[in-house]
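Examining the three-dimensional arrangement
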Amino acid sequence: MNLHEYQGKALFAEYGLPVSTSKVIYEPEDAHKACRDIGGSKWVVKAQVHAGGRGKAGGVELVDSPDDAIAFARKWLGKRLVTYQTDADGQLVNSILIEECTDISEELYLSAVIDRDSQRVVFIGSSEGGVNIEEVAKNTPEKIIYEAIDPLCGAQGFQARKIAKVLKLNNQQTKQFTPMFKNLMKLFIEKDLSLLEINPLVITSGGLLHCLDAKINIDSNAIYRQPEIADMHDPSQEDPRESEAAKNDLSYVSLDGNIGCMVNGAGLAMGTMDTIKYFGGNPANFLDVGGTATQDRVSKAFKIILDDPEVKVVLVNIFGGIVRCDLIAEGVLAAIKEVGVEIPVVVRLEGNNADLGSEILSKANIKIESINNLGDAAKKAVELAQ
Amino acid sequence: MSILVNKDTRVIVQGFTGSQATLHSEQAIEYGTNIVGGITPGKGGQTHLGRPVFDTMEEAVNTVQPNASLIFVPAPFCKDSILEAAESGIELIVCITEGVPTLDMLDVKKRVDELGLTLIGPNCPGLITPGEAKLGIMPASIHKPGSIGIISRSGTLTYEAVKQTTDLGFGQSSCVGIGGDPIPGSSFIDILRLFEKDEQTKAIVMVGEIGGTAEEEAAEFIKNNVTKPVISYIAGQTAPAGKRMGHAGAIIAGGKGTAADKISKLKECGVHIAENLVEIGTKVKEVL
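To keep things clear, this report deals only with the structure shown in the data block. (Residues numbered from 1 in each chain as written. Chains lettered and ligands numbered in written order. Predicted model: local features only at pLDDT ≥ 70, side-chain atom pairs only at ≥ 80, totals over all residues. Heavy atoms only, no water.)

**Describing helix 1 (residues 19-31) of chain B**
Residues and elements named next belong to chain B.
- Here helix 1 spans 18 Å end to end across 13 residues, near enough to the 18 Å set by a 1.5 Å rise per residue.
- Listing the buried residues of helix 1 in full gives Ala21, Thr22, His24, Ser25 and Ala28.
- For helix 1, the elements touching its buried residues are strand 1 (11-14), strand 2 (35-39), strand 3 (47-48) and strand 9 (133-136).
- At the C-terminal side of helix 1, glycine 32 shows a positive phi close to 110 degrees. (Helix = DSSP H or I, 4+ residues; strand = E, 2+ residues; numbered from the N terminus. Expected span 1.5 Å × (residues − 1). Buried < 20%, exposed > 50% of the residue type's maximum accessible area, 1.4 Å probe, protein only. Contact = heavy atoms within 4.5 Å.)

**Details of the nonpolar core**
- Core analysis: the largest hydrophobic core is formed by 85 residues, its most contacted members being B:Leu135, B:Leu192 and B:Val205.
- Counting 66 residues, the second-largest nonpolar core is a separate cluster that includes A:Ala112, A:Phe181, B:Val36 and B:Ile71. (Core = buried A, V, L, I, M, F, W, Y, C linked by side-chain atoms within 4.5 Å.)

**Some thoughts on the interface of chain B and chain A**
- Listed by partner, the interface residues are 56 residues for chain B and 69 residues for chain A.
- Overall, the association of chain B and chain A removes approximately 5,100 Å² of surface from exposure, summing both partners, and the carbon and sulfur fraction of that is 61%.
- Seen at the junction of chain B and chain A, the total is four salt bridges.
- Where B:Glu160 meets A:Arg348, a salt bridge forms, and the shortest distance between an N and an O atom there is 2.9 Å.
- Applying the counting criterion to the chain B and chain A interface returns 13 residue pairs in polar contact (both at pLDDT 80 or more).
- At the level of elements, helix 1, helix 4 (102-115), helix 5 (155-167), strand 13 (230-235) and helix 8 (248-253) of chain B are the ones that each hand at least two residues to the side of chain B that touches chain A.
- Top contributing element to the side of chain B that touches chain A by residue count: helix 4 of chain B, with nine residues.
- Split by residue class, the side of chain B that touches chain A holds 26 nonpolar, 16 polar and 14 charged. (Buried area = accessible area lost by both parts, 1.4 Å probe. Salt bridge = Lys/Arg side-chain N within 4 Å of Asp/Glu carboxyl O. Polar contact = N/O pair within 3.5 Å; in protein donor to acceptor, adjacent residues only side chain to side chain. Nonpolar A, V, L, I, M, F, W, Y, C, P; charged D, E, K, R; others polar.)

**Topic: the pairing of strand 9 of chain B**
Residue and element names in this part refer to chain B.
- One ladder, built from four bridges, connects strand 8 (residues 126-129) with strand 9; its direction is antiparallel. Note on strand 9: the bridge partner recorded for leucine 127 is leucine 135.
- Hairpin connection of strand 8 to strand 9: three residues between the antiparallel strands, including glycine 131 at a positive phi of 80 degrees. (Pairing = 2+ DSSP bridges.)

**Focus: the environment of B:Ile234**
- Turning to its location among the elements, B:Ile234 is positioned in strand 13.
- A relative accessible area of 1% means that B:Ile234 is categorised as buried.
- Remark: the alpha-carbon pair of B:Ile234 and B:Glu215, spanning 19 residues in sequence, is separated by 8.8 Å.
- Apart from residues lying up to four places away in sequence, B:Ile234 is in contact with A:Asp274, B:Gly208, B:Glu209, B:Ile210, B:Glu215, B:Ala259, B:Lys262, B:Ile263 and B:Leu266.

Okay, here's the thing in structure tokens:
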């Protein structure tokens, strides 16, 4: 689960990290009061969306009057911001962060992520912060430090000093950085993060480290033990069909083809999409009904798939391990009855109670193509979609 | 011969009396798996499925001497259960549960490695040696004793590979679902090493998917250490690049992790590629 910048910065502040004085507004009219409360004569206004690349896309501006802050808020609130990290529809802006202006002397990069290879939380740092950090990693890898944290010993001072060397910090800044580094690790562990990024981490004109941005990603498996974080969830940043699916424990990603797919297991769902493409078709979605699919969830899955007007045919591919194919078959029938499916449905059932499932489908008075071989089922779906 | 489990493996089930554990333990017992008991804290002294229930692993170890554990406890308790099995010296721990927090696994994996034990999963279908023992949730009927070793990150894709090798008459020596979580207990390499040593295994099917670099590392290992033919299918060739958040993921992956990268690396290392999911079986036939 992603957090907004303002939510990430609130967590940073809670852990003693230096962030700017700021206010979040949801209505343009509130911008004036926010600027006055913050004080000063210059403010940074930032559209809050779950994506990077906002600056280049016009979602971040420096303003020198509260009226300009209001104008910026009017321009963006309720609109969608498209950046190189979003899809073509962009992300809805429903809040604006207004911050005091920081005078920047240097822009650095700092992040932490769970690295699958070393099986550690790894901090990544570079003296070359800003928008081109991926290029830096590719072209001048020596300018990047990767520092792995032992899960049992935790973040140590020497590791902070190693990173500080690569960030080219002076002695005073290194002293400031060491507790910051330890607190970031504490935040990472205590709030179940999977990613944390400060880009840029800046050195102010006064020579102090300061966090100008905050990207935080929370491990969705751990949300159950993070009730405060769960409350920060912003469903407006997700595709509505994807959110609806998530509510029902379904994993759904909308795509641009016309063959709706309902599959159990993420791997098989991807494999089914690959097979459809292989035979010349185009999948309309990725949908994993999960290992414990019930009739109710199958019904919901069907509704989500059919909600996409592009879908011309539905391919159901279930290889029953935990999930019983007879329950899936009943779910499919119930869904078809309930939703009134007009388009063809191709069903492939295999594994746990597959014969029983196929029998249930063949006895039903509904036009369903029941095909046991995946290749043949995919070919049929592609043919029906044309 | 086979790997990790056979008919003599003494299996203890953690979370034994829960509904999923009951369903799959019943099927495992019916398959011939030597399940010697189970653990459900608070239910010690009871009998379930004709097997004794214990409050702690220590009691189970002292009474029924298990050497493998099969875990079905809910995700918030998996760290505790895996560590309980590990600290009790259980050599093979199989965790089926999905949704285990990644940071829990960082701690668990470190401890399991220190103790030199084998952990399979979490978020996996488990493992099976056809005709001997089933520690997992896979449908038994699609398997057949034979010569192909199967390793996969995905549950249902494992079944697909199993079905195709059964239909063509090869059967399987053992099948291991290592699970799709970021921090799996065992990697492709851990299992490849076992299949390479196993006499019954004549060829290995490795089913991978996009994300991470486990397949690339496995490819390098195969090139240098595996003499048996390896057939691989990579799922997600047509998956669109996801929406991204920041740069850290991309930096650490270094642009690797796509299906095309994995396939080209595997080919370069002498692995036979099944271009399509439905061709895994025929590719095995072609190679053998």
